[in-house]
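The chain contents come next:
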Amino acid sequence: MQYIRFFNELGIGDVPMVGGKNASLGEMYQNLTPKGVNIPNGFATTSDAYWLLLEENAIKDKIAQILSDLDITDTDNLQKRGLEVRTLILNSHLPKVLVDELLEAYKILSNQYNSQNIDVAVRSSGTAEDLPDASFAGQQETFLNVNSKEALLESVLRCFASLFTDRAISYRTSRSFSHFKVALSVGVQKMVRSDISSSGIMFTIDTESGSENLILINSIWGLGENVVSGRVNADEFFIFKPTLKNGIDTILKHSLGSKKEKMLYSEDTRTLNVVTTKEEQESFSINDKEVIELAKQALIIEEHYKRPMDIEWAKDGGDSKLYIVQARPETVMSKQNKSMTSEQYSLNAKDAKILTSGRAIGEKIGTGKVTVINDTTEFARFKEGDILVADTTNPDWEPVMKKASAVITNRGSRTCHAAIVAREIGVPAVVGCGNATAVLQDGQIVTVSCAEGDEGHVYEGKLEYSIKTIDMSKLKPTKTKLFVNVGNPAEAFNFAKMPNDGVGLARMEFIMNNSINAHPMALVDMHKGKSVKDEDKIRSFMIPCTDEKEFFLQKISEGVGMIAAAFYPKPVIIRTSDFKSNEYRGMTGGLIYEAEEENPMIGFRGASRYYDDSYREAFMWECEALKRVRDDMGLTNIKIMIPFVRTPEEGKKVIEIMNEQGLTQGKNSLEIYAMCEIPANVILADKFLEVFDGYSIGSNDLTQLTLGVDRESAKIAHIFDERNEAVKRMLQMAIEACKKRGKYIGICGQAPSDYPEITEFLVLGGIDSISLNPDSLFKMHQVVSDLEISISKK
């Protein structure tokens, strides 16, 4: 056929003829189907078919005339010109030769699937679309559930017209692409019956941090258009490539999306959205086995194309198989990864009023005046620099999004349209807020912050913020290892982009407080069938998990695993939980498990808690979760640190429990350290170091206990100073004791982050590593680098 090519006739070199989308489908159908990647068959019209349409109907010059006075900054002008061109094309006729070939190809495809009129998806593919240096994806239309000859021909003509949607015109004009150097190919592909199953998107790169070690999979019930548009908050899964390639089939993180709607087939309108059931909302739309299968297919696709990929997939409710329906190069994060400079945004204001929160997209901060836009007819109200607030967005919204200083939506996840465009144009976005259009008013001044981790916040008023630009190429390696302190797993992959040698302190209690939300012993008792206070509230935290122990193990292992994976294969030191009794009392269900103590800081905490009958079982669960990270996830770069060990005998008791749970010191390179934060740890270092593989100094508690200062007392706060000579002697004694015995010695307390002179003192003392807060890492890197150069010259 002259104007039709089936997928088995196409390859990636055919982009000029059939566009990036169709060329990629042909490339995968031919090369990856034998490797186990399922691609539904189909065919595509060639670019010559598009030019034939324009020629037979004599409309090329008319289109040029309509667009001659185009002004894409004027939304009214853009909408008027776009409508005129589309109407002109829709009033044209398809050339007879093309009609005949389309119907013949449709018959062949229908016969392949033993159907008279097979249901197909009809998608546009611009011949300059999906190139590595331009993200034309989504600029044209897609039509689903097309299942008759008449509907096929109508959809093809509508696809041709969609080359001139407002967003496509705006996109090409803003990037200086000629409207007549881009043709349109129409792809016709066997529909996957995901309307009675699930579908989604996956990226072989983290869309936020840019880490190429991650695969991100989003999944929803029904047809995939809802996840692309951001209409539905999707389930989310992270898979770690290095361990997956080594044969370890483990999911790094599960996040349950609300999935309040799903798109189904409809006889009248082809598709419609219906509300999902409570059971669908509270369960994952694909199982773990399917997540891993998709991840493996993504690896095959990425390996073939030799670059990060953006992939659409669908599960057929008939045969229960997973299919790849599109794959294109990822064009945003892969570009940013080549930059040697990094911008760090930080909010200066504290305790500002949060108006709404959602998923943070990007790491920037923006301020401006709110303009709530309900539909495309209101675009003219939006002014340059306003903050766009909407229920959701779709590709029609791109012209107005380019004017925004930030974007806020009620719905959406990190792979929705609003998120993808916000990343591309470089503005902060907070998606999936749920109530943004209700709580934010036109004209209101707000600050949008995506610089605080996974969650983005919208604050009242214009808040001050700072931007630090770092030139990574100028940072030289240091002899003293520079680690980073990490609390929030959601920030780990961004922190890992900084120059570092690993993690010196990852706080288990942060993970526990933010992911578990309940007292660990309350979960232990519930697992035994006992009734506990606030049980209903605890069960609401657990959804979709029903087993208390599995909930605990999964949340802890995923939190620790995210940090360990972000820095892999560098060492990551995880400190086991170090809540004080008053902090445990504040957890849901915690009151009955904790006594009120006069001074919790030196009370029932740390190692003493782990072997006590009142908490031992919870610590055993903690150990089991850590074993899961090392053994099941393959993240053997984690080291374990025990806090507040008062005596060597306590250390032995704790390690005995760890051994019983399969965390055997020395096995598979497992090292167990003690937090050096009590004067006894320094005085009896020789005894403690017979039990432990090294020390990490906790300068906060060590200063408090050396000087006899309650660091929470305002009256004597002026005495608390890590630079005190008594504290410095303690630090030096600890370093010397470890050096003498060939044991690891580092510091993870606050002092080095606050005081350059303490950092210098530690480097001169010969400490192995210094773990710093992320905001002080670059400053202290320079201090250490300069000092080491100075020492080498002496």
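Before reading on, note that the structure itself is shown above.
Not measured: the values here are computed from a predicted model.

**Description of the overall build of the chain**
- Tallying secondary structure elements over the chain gives 31 helices and 30 strands in all.
- Over its C-alpha atoms the chain spans a radius of gyration of 30 Å, differing by no more than 12% from the 28 Å that the globule rule assigns to 794 residues.
- Based on the C-alpha atoms only, the size of the chain along its principal axes is roughly 95 × 50 × 50 Å.
- By residue count, 59% of the 794 residues in the chain fall in the buried class.
- Considering only contacts within the chain whose residues lie at least 6 apart along the sequence, 69% involve residues at least 24 apart.
- Accessible area of the chain: about 31,100 Å², with a carbon and sulfur share of 47%.
- Separation of charge centres in the chain, based on 92 positive and 112 negative side chains, amounts to 3 Å.

**A word on the pattern of salt bridges**
- Inspection of the entire model under this criterion finds 42 salt bridges.
- The salt bridge involving lysine 528 is made with glutamate 617; its shortest N-O contact spans 2.9 Å. Pair noted here: lysine 528 is in the loop between helix H18 (520–527) and helix H19 (535–542) and glutamate 617 is in helix H23 (residues 616–632), with a separation of 89 residues, a long-range link.
- What emerges from the salt-bridge pattern is a single network uniting Arg231, Glu261, Asp391 and Arg411.

**Comments concerning the environment of lysine 296**
- With respect to the secondary-structure elements, lysine 296 resides in helix H11 (residues 288–305).
- Along the sequence, lysine 296 and alanine 64 sit 232 residues apart, while their C-alpha atoms lie 47 Å from each other.
- Setting aside anything within four residues of it in sequence, one finds lysine 296 in contact with Leu244 and Asp249.

**Digging into the packing of aromatic side chains**
- According to the stated counting rule, one finds 13 aromatic pairs in the structure shown.
- Considering the side-chain rings of phenylalanine 240 and tyrosine 568, the 5.4 Å spacing of their centres and the 85° angle between planes classify their relative orientation as edge-to-face. Here the residue phenylalanine 240 occupies a position in strand S8 (residues 235–240), and tyrosine 568 occupies one in the loop between helix H20 (548–567) and strand S25 (572–575), the gap between them amounting to 328 residues.
- Each residue in the set Tyr50, Trp51 and Phe160 is aromatic and connected to the rest through ring pairs, giving one cluster.
- In this structure, arginine 172 packs its charged tip against the face of phenylalanine 164, placed 5.2 Å from the ring centre.

**Structural notes on H23**
- With 17 residues, H23 should reach 24 Å at 1.5 Å per residue; the first-to-last C-alpha distance of 23 Å fits that figure.
- Along H23, the residues that are buried comprise Ala618, Phe619, Trp621, Glu622, Cys623, Ala625, Leu626, Val629 and Arg630.
- Glycine 634 sits one or two residues past H23 and shows a positive phi near 75°.

**Re empty space enclosed by the protein**
- This structure, assessed with the given rule, holds 4 cavities of 30 Å³ or more.
- Within this model, the largest cavity holds a volume of roughly 190 Å³.
- Surrounding the largest cavity, 20 residues form its lining, Arg123, Gly224, Glu225, Ala314 and Val325 being those nearest its centre.
- Elements supplying a minimum of two residues to the lining of the largest cavity: strand S3 (120–126), strand S5 (184–190), strand S6 (198–203), helix H8 (225–229) and strand S12 (309–315).
- Among the residues making up the lining of the largest cavity, the classes are represented as 11 nonpolar, 5 polar and 4 charged.

**Focus on helix H30 (residues 756–765)**
- Restricting attention to buried positions, one finds in H30 the residues Ile758, Thr759, Phe761, Leu762, Val763 and Gly765.
- Looking at the buried side of H30, the elements it contacts are helix H28 (725–741), strand S29 (744–747), helix H29 (751–754), strand S30 (769–772) and helix H31 (777–793).
- Phi turns positive one or two residues past the end of H30, at glycine 766, with a value near 90°.

**Remarks on the layout of surface pockets**
- In this structure, the second largest pocket encloses a volume near 1,500 Å³.
- What lines the second largest pocket is a set of 48 residues, among which Lys253, Ser255, Leu256, Arg359 and Lys555 lie closest to the centre.
- Those elements that place two or more of their residues in the lining of the second largest pocket are strand S9 (251–255), helix H10 (278–281), strand S15 (354–361), strand S21 (455–460), helix H17 (508–516), H19 and H20.
- For the lining of the second largest pocket, the leading source of residues is H20, giving 6 residues.
- Residues belonging to the lining of the second largest pocket are distributed by class as follows: 16 nonpolar, 20 polar and 12 charged.

**Some thoughts on unusual backbone geometry**
- Here isoleucine 543 and proline 544 are connected by a cis peptide whose omega angle stands at 10°.
- With respect to the element layout, proline 544 can be found in the loop between H19 and H20.
- In this structure, alanine 58 takes a positive phi of about 50° despite not being glycine.
- Relative to the assigned elements, alanine 58 resides in the loop between helix H2 (47–56) and helix H3 (60–66).
- A positive phi angle is found at phenylalanine 644, which is not glycine, with a value near 50°.
- Mapped onto the elements of the fold, phenylalanine 644 is located in the loop between strand S26 (638–642) and helix H24 (648–660).

**Some remarks on the packing of helix H4 (residues 75–90) against helix H6 (residues 149–161)**
- Relative to each other, H4 and H6 sit at 150°, their axes nearing to 8 Å. Taken together, the axes of H4 and H6 lie roughly antiparallel to each other. The way H4 lies across H6 gives a crossing that is right-handed. Contacts between H4 and H6 pair Arg86, Ile89 and Leu90 from the former with Leu157, Arg158, Phe160 and Ala161 from the latter.
- Residue classes in the contact of H4 with H6 are distributed as 5 nonpolar, no polar and 2 charged.

**Quick look at the side chain of threonine 204**
- Relative to the helices and strands, threonine 204 is located in the loop between S6 and strand S7 (214–221).
- On the basis of relative accessibility, which here comes to 0%, the residue threonine 204 falls in the buried class.
- Among the polar contacts listed, one links the side chain of threonine 204 to the side chain of glutamate 302, at a separation of 2.9 Å.
- For threonine 204, the side chain forms a polar contact with the main-chain nitrogen of methionine 309, separated by 2.7 Å.
- Each residue touching threonine 204, except ones within four places of it in the same chain, is listed here: Glu212, Leu214, Ile215, Lys241, Ala298, Glu302, Arg307, Pro308, Met309 and Ile311.

**With respect to the nonpolar core**
- If you look at the biggest cluster of nonpolar residues, it comprises 104 residues, and the most contacted ones within it are Leu252, Phe567 and Ile642.
- Top contributing element to this core by residue count: H20, with 11 residues.
- Those residues in contact with isoleucine 642, other than ones at most four positions away along the chain, are Thr576, Ala607, Tyr610, Val654, Met658, Ile672, Tyr673, Ala674, Met675 and Phe692.
- The next biggest cluster of nonpolar side chains, apart from the first, holds 44 residues, and it includes Ile4, Ile118, Phe143 and Val182.

**Things to note about the pairing of strand S28 (residues 694–697)**
- Here S28 shows no split at all, with Gly694 and Ser696 on one side and Tyr695 and Ile697 on the other all buried.
- The pairing of strand S27 (residues 672–676) with S28 spans 3 bridges and is parallel. What sits directly across from cysteine 676, in S28, is isoleucine 697.

**Notes on the sheet that holds S5**
- Here we have 5 strands laid out as an open sheet, ordered S1-S2-S5-S3-S4, and antiparallel in their pairing. Both outer strands of the open sheet, strand S1 (4–6) and strand S4 (142–146), are each paired with one neighbouring strand and no more. Averaged over all neighbouring strand pairs, the angle between strand axes comes to 20°, with direction disregarded.
- Pairing geometry for strand S2 (residues 42–45) and S5, over 3 bridges, is antiparallel. Bridged to glycine 42 within S5 is glutamine 189.
- Across the sheet, helix H1 (residues 15–31) lies against S1, S2, S3 and S5, angled at about 130° from S3, the strand it touches most.

Analysis parameters
Residues numbered from 1 in each chain as written. Predicted model: local features only at pLDDT ≥ 70, side-chain atom pairs only at ≥ 80, totals over all residues. Heavy atoms only, no water. Helix = DSSP H or I, 4+ residues; strand = E, 2+ residues; numbered from the N terminus. Rg over C-alpha atoms; globule rule 2.2 N^0.38 Å. Buried < 20%, exposed > 50% of the residue type's maximum accessible area, 1.4 Å probe, protein only. Contact = heavy atoms within 4.5 Å. Areas by Shrake-Rupley, 256 points an atom, 1.4 Å probe, with all protein chains shown as cover. Lys, Arg positive; Asp, Glu negative; His and termini not counted. Charge placed at Lys NZ, Arg CZ, Asp CG, Glu CD. Salt bridge = Lys/Arg side-chain N within 4 Å of Asp/Glu carboxyl O. Phe/Tyr/Trp six-rings, centres within 6.5 Å; stacked < 30°, edge-to-face > 60°. Lys NZ or Arg CZ within 6 Å of the ring centre and 35° of its normal. Expected span 1.5 Å × (residues − 1). 1 Å grid on protein atoms, 1.4 Å probe; cavity = no way out; pocket = protein on both sides within 12 Å on 5 of 7 lines; lining within 4 Å. Points joined across faces, edges and corners; volume = space filled by probe spheres on them. Nonpolar A, V, L, I, M, F, W, Y, C, P; charged D, E, K, R; others polar. Axes fitted to C-alpha atoms, helices over the stretch in contact; angles between N-to-C directions. Parallel < 35°, antiparallel > 145°, perpendicular 65-115°, else oblique. Left-handed = near helix turned anticlockwise from the far one by under 90°. Polar contact = N/O pair within 3.5 Å; in protein donor to acceptor, adjacent residues only side chain to side chain. Core = buried A, V, L, I, M, F, W, Y, C linked by side-chain atoms within 4.5 Å. Pairing = 2+ DSSP bridges.

Nothing here speaks to function; it is geometry throughout.
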